[in-house]
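# A look at the structure
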Amino acid sequence: MSIDDELRWDGELTVTRHDRETDTTFVIRIDSTRLGPASGGTRAAHYPSIGHALADAGKLAGAMTLKMAVSDLPMGGGKSVIALPAPRNRIDSATWTRILDIHAENIDKLEGNYWTGPDVNTNSSDMDQLSRTTKYVFGRSVDNGGAGSSAHATALGVFEAMKATARRRGLGTLDGRTVLVQGLGAVGGDVVRLAAQAGARLLVADTDPQRLEAASLAGHTVVPAGEVLRTPCDLFAPCAMGGIIDSGAAASIPTLAVAGAANNILTDPAAGEVLRSRGVLCAPDFVANAGGAFHLVGREVLGWNEDDVVERTRGIGRTLDEVYSLSEERGITTEAAALLLARARLSPASATAAATSAAPAAAAASPV
């Protein structure tokens, strides 16, 4: 994967910077500002190459554009990637602070065209650090005027997506159904709790022994990480990293439905076609995992209260019903149907209306 290939990406803007002292490369990709300022989290990871970091940022930024549009949020899509010289857990505190300060400088130079929040390997305390330099940050801690972690809202949205998907697939409720959750972090762990309360039989997978031990003590069945795509279940909920289902996996995965929190669950459109041909109903990830955006952007940028966030998050099930109906009517994949809805809301007329209504709210809610 070459840098030249990734710089031919067709989004609006790519910003890169390298810091020699920490040997860290910073990438910000703004995919679209048609509906409003671009919005997307900051992901920190060790990548095989800068080309891989650029590709990840571009794919995630595009997904954010679609998420904002299909969820009727007056924001565009963007993403930050901090390409670290080593895994995050090997970066010392002083180095990490320098990295965050440089990242904040980069964001601030974009003058509000891009807002960021927590993502993989970043959290509320990191957003607090960024906010010392730039105001274009959401997901700060409650003590620093922010909305705090978005994990619960994301999990609630995924849970609503799971329920809507189970109903549409003819499974009824989750009660008594076998649900396999991959990834037991803050979001996946909460998805497990909500699904268990709904009466589901939980299968769980993770690479962290402590998480697996806790899940086992709670009465859930542990599945080896390498067996996730070969383990029969009624509904598969990927809540770890994306790119889990390619065409080969789609042809054999023993499940009836897929709905999870991971971004870019499908590696390509062909995987969605294979799932559809087998009758496996797949909730588009940028619809299912929008609860986090409702929580962070809604609370810190648009001035929503907690009731507003919960109401919009529970509406994810209704949005999926619309997606599934369109998929059936057009004879297309659910991913293609969700794209149609998103692109309709990205039309010039929709964009003008969204920008007009969003500007006062965003300005009023900007942190200082």
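Reference entry: report on the structure contained in this document. Remember, predicted model here, so these are calculated numbers, not experimental data. (Residues numbered from 1 in each chain as written. Predicted model: local features only at pLDDT ≥ 70, side-chain atom pairs only at ≥ 80, totals over all residues. Heavy atoms only, no water.)

### Here's the deal with the pairing of strand β7 (residues 178-182)
A regular strand carries its side chains on alternate faces of the sheet. Buried residues dominate β7, accounting for 5 of its 5 residues. Sheet topology places β7 next to strand β8 (residues 201-205); 5 bridges connect them, and they run parallel. Paired with T178 across the strands is R201, a residue of β8. In the classification by handedness, the crossover that spans β7, the intervening helix α6 (residues 186-197) and the parallel β8 is right-handed. Sheet topology note: the β7/strand β10 (residues 235-238) ladder contains 4 bridges and is parallel. Paired with L180 across the strands is F236, a residue of β10. (Buried < 20%, exposed > 50% of the residue type's maximum accessible area, 1.4 Å probe, protein only. Helix = DSSP H or I, 4+ residues; strand = E, 2+ residues; numbered from the N terminus. Pairing = 2+ DSSP bridges. Right-handed = clockwise from strand over helix to strand, strands pointing away.)

### Observations concerning the packing of helix α11 (residues 291-300) against helix α12 (residues 306-314)
In a packed pair of helices, the relevant descriptors are the angle between the two axes and the axis-to-axis distance. Contact geometry of α11 with α12 gives a least axis separation of 9 Å together with a crossing angle of 155°. Between α11 and α12, the crossing angle belongs to the class labelled roughly antiparallel. Where α11 crosses over α12, the handedness of that crossing is right-handed. Contacts between α11 and α12 involve G291, F294, H295 and R299 from the former and E306, V309, R312 and T313 from the latter. Residues belonging to the contact of α11 with α12 are distributed by class as follows: 2 nonpolar, 3 polar and 3 charged. (Axes fitted to C-alpha atoms, helices over the stretch in contact; angles between N-to-C directions. Parallel < 35°, antiparallel > 145°, perpendicular 65-115°, else oblique. Left-handed = near helix turned anticlockwise from the far one by under 90°. Contact = heavy atoms within 4.5 Å. Nonpolar A, V, L, I, M, F, W, Y, C, P; charged D, E, K, R; others polar.)

### Remarks on the side chain of T165
Its location among the elements puts T165 in helix α5 (residues 151-168). The class of T165 is buried, set by a relative accessible area of 0%. Once residues within four sequence positions are removed from consideration, T165 is found in contact with A257, V258, A259, L281, A283, L320 and Y324.

### A word on the pattern of salt bridges
Applying the stated criterion across every chain, the model contains 19 salt bridges. For the salt bridge of R140 with E300, the shortest nitrogen-to-oxygen distance reads 3.1 Å. In this pair, R140 sits in the loop between α4 (124-130) and α5 while E300 sits in helix α11, placing the two residues 160 residues apart along the sequence. According to the relative accessible area criterion, R140 is buried, its value standing at 8%. Taken together, the shared-partner salt bridges connect R43, D56, K79 and D119 into one network. (Salt bridge = Lys/Arg side-chain N within 4 Å of Asp/Glu carboxyl O.)

### Some thoughts on helix α13 (residues 316-330)
Structurally, the α-helix is built with 3.6 residues per turn, so residues lying three or four positions apart point the same way. Over its 15 residues, α13 runs 21 Å from end to end, which matches the ideal 21 Å to within 8%, given 1.5 Å per residue. For α13, the full list of buried residues reads I316, G317, T319, L320, V323, Y324, L326 and S327. Looking one or two residues past α13, G331 carries a phi angle of roughly 65°, positive in sign. (Expected span 1.5 Å × (residues − 1).)

### Section: the nonpolar core
It is characteristic of soluble globular proteins that their nonpolar side chains tend to be buried jointly. M162, V179, V181, V191 and L320 are the most contacted members of the largest nonpolar core, which has 85 residues in total. Considering every element that reaches this core, the biggest residue donor is α5, with 8 residues. Here V181 is in contact with G188, V191, V192, L202, L203, V204, A205, A237 and C239, once residues within four sequence places are set aside. Of all hydrophobic cores here, the second largest spans 20 residues; its members include V223, V228, C233 and C282. (Core = buried A, V, L, I, M, F, W, Y, C linked by side-chain atoms within 4.5 Å.)

### Some details on the packing of aromatic side chains
The final tally for this structure, using the stated rule, is 2 aromatic pairs. One cation-aromatic arrangement involves R88 over W96; the distance from NZ or CZ to the ring centre is 3.9 Å. (Phe/Tyr/Trp six-rings, centres within 6.5 Å; stacked < 30°, edge-to-face > 60°. Lys NZ or Arg CZ within 6 Å of the ring centre and 35° of its normal.)

### A short note on α6
Along its 12 residues, α6 runs 17 Å from first to last C-alpha, staying within 8% of the 16 Å computed at 1.5 Å per residue. Those residues of α6 lying buried are V187, G188, D190, V191, V192, L194 and A195. Residues of α6 that are buried in the fold lie against α5, β7 and β8. Taken from the residues just after α6, G199 is the one with a positive phi, measuring 95°.

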